Amino acid sequence: MNRRKFIRNIVSTSILSLGGISAYQYYQQTQLVPPKKDDFNYKFLTENDRVLLEVITPVFLSGMSYQQSVKLNIIFQNIDSAIIRLSMQTQEELRDLFNLLASAFGRLTLANIWLNWQSASSESVDLFLTEWRDSHLDLLQTAYRGLHKLIIGSVYSEEHSWSTIGYAGSPKIKFAQA
Amino acid sequence: MFLSEKNTKNYAKDLPAEQIDCDVAIIGSGAGGGIVAEILARSGLSVVIVEEGPLRTSGDFKMREKQAYADLYHEMAGRQTIDKGIQILQGRAVGGSTTVNWTASFRTPKQTLEFWEKNFSIKGLSKDELSPWFSWVETRLNISPWAIAPNKNNQLLAVGAKKLGWSYDVISRNVNGCANLGYCGMGCPINAKQSMLVTTIPSAIQNGAHLISRARAESLIIDNEKVKGVWLSSMNELGQVKQKNVTKIIAKKVILSAGAIGSPSILLRSKAPDPYNTLGKRTFLHPVTASIAKMKEKVEAFYGAPQSIYSDEFLWRDGVSGELGYKIEVPPMHPVLSSTLLVNHGKQHAELMKNFAFYQANLALLRDGFNEDSVGGQVSLDVNDYPRLDYKISDTLWRGLRKAMLSIAELQFAAGAQQVLPLHMDASFQSSWLKTKLLIDKFPSEKLRWQTMSAHVMGGCGMGGDESISVVNSSGTHHQLENLSVIDGSLFPTSLGVNPQLTIYAIAAKLSSQLVQEMNGQLPDDLLNLRL
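Position labels on residues start from 1 in each chain and follow its written sequence. Written order determines the labels here, with chains lettered from A and ligands numbered from 1. Local features in this predicted model are restricted to residues whose pLDDT is 70 or higher, and side-chain atom pairs enter the listing and the counts only when it is 80 or higher, whereas totals over whole chains, interfaces and linings include all residues. Think of the side-chain values as coming from all heavy atoms in the structure, minus any hydrogens and water.

**Things to note about the overall build of chain A**
Logical step 1: Broken down by element type, chain A carries eight helices and zero strands.
Logical step 2: When a residue's accessible area, from a 1.4 Å probe over protein chains only, is under 20% of the maximum for its type it is buried; when over 50% it is exposed; and in between it is partly exposed. Here chain A, with 178 residues, has 52% of them falling under the buried criterion.
Logical step 3: Carbon together with sulfur atoms contributes 58% to the accessible area of chain A, which is approximately 8900 Å² in total. Segments assigned H or I by DSSP are reported as helices when at least four residues long, segments assigned E as strands when at least two residues long, and all are numbered from the N terminus. Accessible surface is estimated by sampling points in the Shrake-Rupley manner with a 1.4 Å probe; for residues, cover comes only from the protein chains shown.

**A look at the overall build of chain B**
Logical step 1: Scanning chain B from N- to C-terminus turns up 13 helices and 24 strands.
Logical step 2: Every radius of gyration here is taken over C-alpha atoms, with the globule rule written as 2.2 Å times N^0.38, N being the number of residues. Its C-alpha atoms give chain B a radius of gyration of 22 Å, within 12% of the compact-globule value 24 Å for 532 residues.
Logical step 3: Counting only C-alpha atoms and orienting by the principal axes, one finds that chain B spans roughly 65 × 50 × 45 Å.
Logical step 4: Within chain B, counting contacts between residues at least 6 apart in sequence, those at least 24 apart form 75% of the total.
Logical step 5: A total accessible area of about 18200 Å² is found for chain B, and carbon and sulfur atoms account for 48% of it.
Logical step 6: The charged-residue count follows a simple rule in which Lys and Arg add positive charge and Asp and Glu add negative charge, with His and chain termini not counted at all. A single reference atom marks each charge: NZ on Lys, CZ on Arg, CG on Asp, CD on Glu. Separation of charge centres in chain B, based on 55 positive and 50 negative side chains, amounts to 6 Å. Here a residue-residue contact requires only that any non-hydrogen atoms of the pair lie within 4.5 Å.

**Concerning the packing of helix α4 (residues 127–140) of chain B against helix α12 (residues 501–518) of chain B**
All names here are of chain B.
Logical step 1: With axes taken as lines fitted to C-alpha atoms, and helix axes fitted only over the stretch in contact, angles between N-to-C directions fall between 0 and 180 degrees. As a packed pair, α4 and α12 sit with axes 9 Å apart at the nearest point and diverge in direction by 110°. Looking at the two axes, α4 sits roughly perpendicular to α12. Across the interface between the two elements, E129, L130, W133, F134, W136, V137 and E138 of α4 pack against L502, T503, Y505, A506, I507, A509, K510 and S513 of α12.
Logical step 2: For the contact of α4 with α12, the class distribution of residues is 10 nonpolar, two polar and three charged. An angle below 35 degrees is read as roughly parallel, one above 145 as roughly antiparallel, one from 65 to 115 as roughly perpendicular, and any other as oblique. Each residue is assigned to one of three groups, with Ala, Val, Leu, Ile, Met, Phe, Trp, Tyr, Cys and Pro labelled nonpolar, Asp, Glu, Lys and Arg labelled charged, and all others, Gly among them, labelled polar.

**Considerations on the interface of chain B and chain A**
By a frequent convention, interface size equals the accessible area lost on bringing the separate parts together.
Logical step 1: Every contact between the two is made by 45 residues of chain B and, on the other side, 47 residues of chain A.
Logical step 2: Computed with a 1.4 Å rolling probe, the buried area is the accessible surface lost when two parts are put together, summed over both parts. The junction of chain B with chain A conceals about 4100 Å² of combined surface from both sides, 56% of it contributed by carbon and sulfur atoms.
Logical step 3: Among the residues chain B hides against chain A, the three largest losses belong to L238, H345 and L448 of chain B. Together they make up 16% of the total.
Logical step 4: For salt bridges, the criterion is a side-chain nitrogen of Lys or Arg within 4 Å of an Asp or Glu carboxyl oxygen. Taken together, the connections running from chain B to chain A amount to five salt bridges.
Logical step 5: Between E159 of chain A and R64 of chain B there is a salt bridge, and its shortest N-O distance comes to 3.5 Å.

**Comments concerning the packing of helix α5 (residues 88–102) of chain A against helix α8 (residues 138–156) of chain A**
Residue and element names in this part refer to chain A.
Logical step 1: Two elements in contact, α5 and α8, have axes separated by 11 Å at closest approach and are oriented at 100°. Accordingly, the angle class assigned to the pair α5 and α8 is roughly perpendicular. Across the interface between the two elements, L94, L97, F98 and L101 from α5 touch A143, L147 and L150 from α8.
Logical step 2: Split by residue class, the contact of α5 with α8 holds seven nonpolar, no polar and no charged.

**Some points on the packing of aromatic side chains**
Logical step 1: Aromatic pairing here means that ring centres of Phe, Tyr or Trp (its six-membered ring) are within 6.5 Å. Orientation follows from the plane angle: under 30 degrees is stacked, over 60 is edge-to-face, and everything else is tilted. Applying the stated criterion to the full structure yields 21 aromatic pairs over all chains.
Logical step 2: Look at F128 of chain A and W132 of chain A: their rings are 5.1 Å apart centre to centre, the planes differ by 75°, and that puts the pair in the edge-to-face class. Of the two residues, F128 of chain A and W132 of chain A are both situated in helix α7 (residues 122–133); the distance of four residues between them amounts to about one turn of the helix. Pair check on accessibility: F128 of chain A and W132 of chain A agree, each one buried.
Logical step 3: On the basis of an interplanar angle of 55° and a centroid distance of 6.4 Å, the ring pair of F115 of chain B and F120 of chain B is categorised as tilted.
Logical step 4: Residue classification places F115 of chain B among the buried residues on the basis of a relative accessible area of 14%.

**A closer look at the nonpolar core**
Logical step 1: Put simply, buried Ala, Val, Leu, Ile, Met, Phe, Trp, Tyr and Cys residues joined by side-chain atoms within 4.5 Å make one nonpolar core. Counting 220 residues, the largest nonpolar core has I56 and W132 of chain A together with I249 of chain B as the members making the most contacts within it.
Logical step 2: With sequence-adjacent residues up to four places away left out, I56 of chain A is seen in contact with W117, V125, F128, L129, L147 and I151 of chain A.

**Examining the sheet that holds strand β6 (residues 104–105) of chain B**
All names here are of chain B.
Logical step 1: Strand order in this open sheet of three strands is β6-β9-β7, and the pairing throughout is antiparallel. The open sheet has two edge strands with one neighbour each: β6 and β7 (143–145).
Logical step 2: The pairing of β7 with strand β9 (residues 172–174) spans three bridges and is classified as antiparallel. When the sheet's bridge partners are listed, I143 is paired in β9 with N174. Strands were regarded as paired on the criterion that DSSP finds at least two bridges between them.

**Let's talk about helix α1 (residues 31–42) of chain B**
Residue and element names in this part refer to chain B.
Logical step 1: Along its 12 residues, α1 runs 17 Å from first to last C-alpha, staying within 8% of the 16 Å computed at 1.5 Å per residue.
Logical step 2: Counted residue by residue, α1 has 11 buried out of 12 residues, so it is predominantly covered.
Logical step 3: Residues of α1 that are buried: A31, G32, G33, G34, I35, V36, A37, E38, I39, L40 and A41. Expected span of a helix, by definition, is 1.5 Å for each gap between consecutive residues, and there is one gap fewer than residues.

**Observations regarding helix α11 (residues 433–442) of chain B**
Working note: α-helix, 3.6 residues per turn, so residues spaced by three or four point in the same direction.
All names here are of chain B.
Logical step 1: Buried within α11 are the following residues: T436, L439 and I440. Burial along α11 is one-sided: seen end-on, the buried residues are contained in an arc of 95°. Projecting away from the buried face of α11 at angles above 90 degrees are the exposed residues L434, L438 and K442.
Logical step 2: Tucked into the core, α11 has its buried residues touching α10 (395–414) and β21 (419–422). This arc corresponds to the set of directions leading from the helix axis out to the C-beta atoms.

**A word on the environment of S454 of chain B**
Residue and element names in this part refer to chain B.
Logical step 1: Considering the arrangement of structural elements, one finds S454 in strand β22 (residues 452–454).
Logical step 2: Taking the relative accessible area as the measure of exposure, S454 reaches 3% and is therefore buried.
Logical step 3: Placed 366 residues apart in sequence, S454 and I88 show a C-alpha to C-alpha distance of 4.8 Å.
Logical step 4: Apart from residues lying up to four places away in sequence, S454 is in contact with I86, Q87, I88, L89 and L285.
Logical step 5: A distance of 3.3 Å separates a polar atom in the side chain of S454 from the backbone nitrogen of H456. Each polar contact in these results corresponds to two N or O atoms within 3.5 Å; when the atoms are within protein, one needs to be able to donate a hydrogen and the other to accept it, and residues that are neighboring in sequence are counted only if both atoms are side-chain atoms.

**Some remarks on the pattern of salt bridges**
Logical step 1: Across all of its chains, the model carries 25 salt bridges over all chains by this definition.
Logical step 2: When the shortest N-O distance is used, the salt bridge between R449 of chain B and D134 of chain A registers 2.7 Å. In this pair, R449 of chain B sits in the loop between α11 and β22 while D134 of chain A sits in the loop between α7 and α8, so the two residues belong to two different chains.
Logical step 3: Of the residues examined, R449 of chain B reaches a relative accessible area of 5% and is grouped as buried.
Logical step 4: The exposure class of D134 of chain A is partly exposed, given its relative accessible area of 41%.
Logical step 5: Salt bridges sharing partners connect three or more residues here, namely R133 and D134 of chain A together with D426 and R449 of chain B.

**Looking at the side chain of T436 of chain B**
Logical step 1: Mapped onto the fold, T436 of chain B is located in helix α11.
Logical step 2: With residues up to four places along the chain from it excluded, the contact list for T436 of chain B reads A409, F413, V420, P422 and Q430 of chain B.

**Concerning a negative patch on the surface**
Residue and element names in this part refer to chain B.
Logical step 1: A cluster of like negative charges, contributed by E114, E117, D128 and E129, occupies part of the molecular surface.
Logical step 2: Those elements that provide at least two residues to the negative patch are α3 (110–120) and α4.
Logical step 3: Here E129 shows up in helix α4. In this analysis, a patch consists of residues with relative accessible area above 30% that form no salt bridge, clustered at 9 Å for like charges and at 5 Å for the nonpolar side chains Val, Leu, Ile, Met, Phe, Trp and Tyr.

**What about the pairing of strand β10 (residues 210–213) of chain B?**
Logical step 1: As paired strands, strand β1 (residues 8–10) of chain B and β10 of chain B are joined by three bridges and run parallel to one another. Bridge pairing in β10 of chain B places N10 of chain B opposite S213 of chain B.

**Brief notes about the confidence of the model for chain B**
As a note on interpretation, predicted positions should not be read in detail where pLDDT is low.
Logical step 1: Here pLDDT means the predictor's own confidence in every residue, given as a number from 0 to 100. Scored by pLDDT, chain B comes out at a mean of 97, with 99% of its residues at no less than 70.
Logical step 2: Predicted complex, confidence summary: ipTM 0.95, pTM 0.95.

Right, dumping it as C-alpha cells:
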C-alpha cells in the first residue's frame, strides 16, 4: 500500500470510529485564531498549516537560547521556499500530512491532542512528537523526520542560529579587482 | 577559463527555439556530459548540451547552505529513496554534481575493473587500457594528492587509523589554487575546483557548443528503432517543469549523460525497448553510514578541504564478492546538514548542537553490487513522469552497515574521542568504545532508524557484452536503439568502491573519443595519441 492510500485509510477509519465526536472537533476547528499576519506570498503553506506550525515549531526549538532565536515567519518562509522546490509527488505527500494534522481526525488519531492546536500545551505537543519519532508505524516516523528536516533546516540556515554553536560562518574572502 | 553568455540559453527566462539541428545532443553537463562535450566540440562536431539545472558561476556561490541547496541540488539536497530509507545528495546545475562535490579523485580499483570484465563481459576498460585516459584527465583537471596539511576533521581519521594500525593515505583532488576554505559542497567561490563548470563546459562553448540550461530532456524521438533527436521541456526557476516539449532537437546522435537516476528515466519516458527488463535496474548508491565524535578540542569540521584522508583498510577485506567492503572518509560538517542529521527536537537537539564545533565525523561508504545478495535499486517513474528510486537494504548490506559503523566508531575512540554518537535513531552519545560496540551490536536493522545516506548514484543503464544483463555495450552504445549512447555513471554494472568522479571522467574521455572516430570527426592530437 502506498503512503497516500495509507493516510487516506487512516483518515477514513478514524471518521468511522469517531461518530459524534468529529462534529465537536470540527466546531473546535472553527474557533481557531488566524495565524500572525505576514505579507509573504506563501505558495504552499496555508493559514491552517501555519497555525499548526506556530504550535509545533516552538516545541522543536524549545532548547535554543534567546540569542539564537529566528523569527517564526522567517522559518515558515524558508519552509515554504523549500517545499516548492521538491518533486510534485513529495509536495503531495506533504500536503496530505498537513491536511491530516490540521483535521480533527488527524489530531485525534495521530497526535492525541484533543483540543485544537492552539490550546494544546507544549508538553502534549512534545509528547506526540516523541511518540511519532519512535513509533512503530513508518508513516509516523517519516512524518516526524519530514517536519524535523523542514523546521530544523529552516532554522539553522539562518545566521542567528549559529551564535551559540561555535560557528562563525564562512571565511570572508577579499577578491582582487580584475 | 570562464563561461560567457555567448552560446548559452536559460529556458526559465529565454524564449525556447522551436527546433535545433546538430550533430550531437548531450543530455546532462556533469562528469560524463562535460567531458564528452569538450572532446566532441574540439573534434569539430556541432554540439548542444542540455542541462536541467541552472547556470550558476563563482559569483553566485555564497558559501551558504540556504542558497546552495535550493539552487544547486536535486530536491533541496534531500532527495530520498521511495521508502525514505536513504537520503541522496545529488547536484543539479551546470557542471552537475562536479559543481558541488568534495573533489575526492580516485582511479577505479583494479578489482572493480576485473570484476566487470569477468562478470559482465566488458571490453576495453582494463586497468592498462584505461591508464592513459586517467593520465589525460588528471592533467586536464589538475588532479594530484592534496599537498597541504589536512584539516583537523581529516587529520583525526589519520590519527585513529595509525593508532589501530589501519592503512590510510592522502586523497587526490581536482583543484588549482585552492584556498582551503571548505565550502566545495556549495560551489567553489574562487573557481579553484576544476569542476566541469570551469573547465570542459567553457572549452566546449569556446569550440562552438551551445548550452541550454533549465531544460529537461523529456523523451527521445524514435523512428523504427533509430533515435532521431530529443524533445525538451522548459523548467522554471524552482526546478519544476514550465512547459512540456517546447523544443525539438534533431541530432545524428544523442548521448545520455543525465546521471544514474536521470538517464534511465529518459529511456523510461521514451518507452525505449527493454527486452530483458534491465533498464533502471542495478542502481547502486555506495550506501553511507556515519558517526559523530565529540573531541576535547575544537575540530571545526566546517573549514578546510572537506576530504583529504581516507582508509581502505576494509574495502576488500573479505574478497571482491564476499561481505561488503567499505571505504572510510570524513564528511564536512555545516549547520543545516548536521542539524538535520541529529534527529531530535527541543532541549535534546539544542544540547547536541552546542558542541557542534567540537565534532569530528567519520563515514563509511559500502561497495554495493559485487555480491549476489546486493542487486541495488530500481529507477521507475511516478505519476508525474518524474524519476524515483526504490532501494531495499538487503541482509548483506545490513551486515556491512553494522560492521562499518563499528569500524568508524572504534577509529574515533582511537583518535581520542571523548564520546561517540553513531547515527542511528536509537543511539545516544557513548563514552567508551565498549559501550558503543554493545549499542551498535543491538541496533535494529530498520531502514528508517538507521540513518543511511548516499552521495554516489551509479548504474541503471549498465554496460556489458551480454544483452540479457545489460542496457548498453562496452562502448556505451544502446543494445537496441541506433544513434544512442549512454556516457555517465549509469554505465557502471556495480558500484566502484571509490568516489566516482574520476572513473566517469576517464571512461567518458575514452568512449567519446571512440565516438568521434565513428562519426568521422577530427580528434585533437592529445587525444588521438591515446587512441594509438
